[in-house]
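A closer look at the structure
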Amino acid sequence: MTTAATVVTGVGVHTAWGGLEETWEALAAGRSALTLVAAPEAEGLPRTPGAPAAEASPVEFLPDRKLTKYMSQAARLAVLAAGRALRQAGLLEDAERRA
């Protein structure tokens, strides 16, 4: 029996500020992304502290951009962060060359 392991050495970040550089700069400057937010379907209810996600799309990491239609916001952010981590680790380019 053989086992295989994959190790991602990059950092995939997507925050209310944006990607890794924007997030690092905001943290270093002591800025907060927290604000009072409410979901559109919660109209009229009290707002809660949170941080709205910066707009970004994971389409560059998907084989077909139409797949985003079937993904939740959490899944889109996960693919975006994972894709950024793979790219920073230098693993994404290797996979693209082999494909």
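Parameters and conventions
Residues numbered from 1 in each chain as written. Predicted model: local features only at pLDDT ≥ 70, side-chain atom pairs only at ≥ 80, totals over all residues. Heavy atoms only, no water. Helix = DSSP H or I, 4+ residues; strand = E, 2+ residues; numbered from the N terminus. Contact = heavy atoms within 4.5 Å. Areas by Shrake-Rupley, 256 points an atom, 1.4 Å probe, with all protein chains shown as cover. Salt bridge = Lys/Arg side-chain N within 4 Å of Asp/Glu carboxyl O. pLDDT = per-residue confidence, 0-100. Buried < 20%, exposed > 50% of the residue type's maximum accessible area, 1.4 Å probe, protein only. Polar contact = N/O pair within 3.5 Å; in protein donor to acceptor, adjacent residues only side chain to side chain. Expected span 1.5 Å × (residues − 1).

**Structural notes on the overall build of the protein**
- What the protein contains, in helices and strands, is three helices and two strands.
- Listed N to C, the secondary structure of the protein is α-β-β-α-α in terms of helices and strands.
- Taking all contacts inside the protein whose residues are at least 6 apart in sequence as the whole, residues at least 24 apart take part in 43%.
- Of the accessible surface of the protein, which amounts to about 7,500 Å², a share of 57% is contributed by carbon and sulfur atoms.

**Considerations on the pattern of salt bridges**
- Evaluation of the coordinates by the stated rule reveals one salt bridge.
- Notably, a salt bridge pairs E60 with R87, separated by 2.6 Å at the nearest N-O pair. Separated by 27 residues along the polypeptide, E60 in the loop between β2 (48-50) and α2 (73-89) and R87 in helix α2 bring together distant segments of the chain.

**Points about the confidence of the model for the protein**
- When pLDDT is averaged across the protein, the result is 77; 70% of the residues are at 70 or more.
- Across the protein, helix α1 (residues 20-28) holds the top mean pLDDT of 88, while helix α3 (residues 91-98) sits lowest at 63.

**Looking at the environment of L91**
- Structurally, L91 can be placed in helix α3.
- A relative accessible area of 32% places L91 in the partly exposed class.
- Sequence separation of L91 and G10 is 81 residues, and the distance between their C-alpha atoms is 8.9 Å.

**Considerations on the side chain of T68**
- Looking at where T68 falls in the secondary structure, it is placed in the loop between β2 and α2.
- Engagement of the side chain of T68 in a polar contact is seen with the backbone oxygen of R65, the distance being 3.0 Å.
- Every residue in contact with T68, bar those within four places of it in the chain, is listed here: P58, V59, L62 and R76.

**Considering α2**
- Across its 17 residues, α2 extends 24 Å between first and last C-alpha, which sits within 8% of the 24 Å expected from 1.5 Å per residue.
- For α2, the full list of buried residues reads L80, A81, G83 and A85.
- Residue G90 follows α2 closely and has a positive phi angle near 80°.

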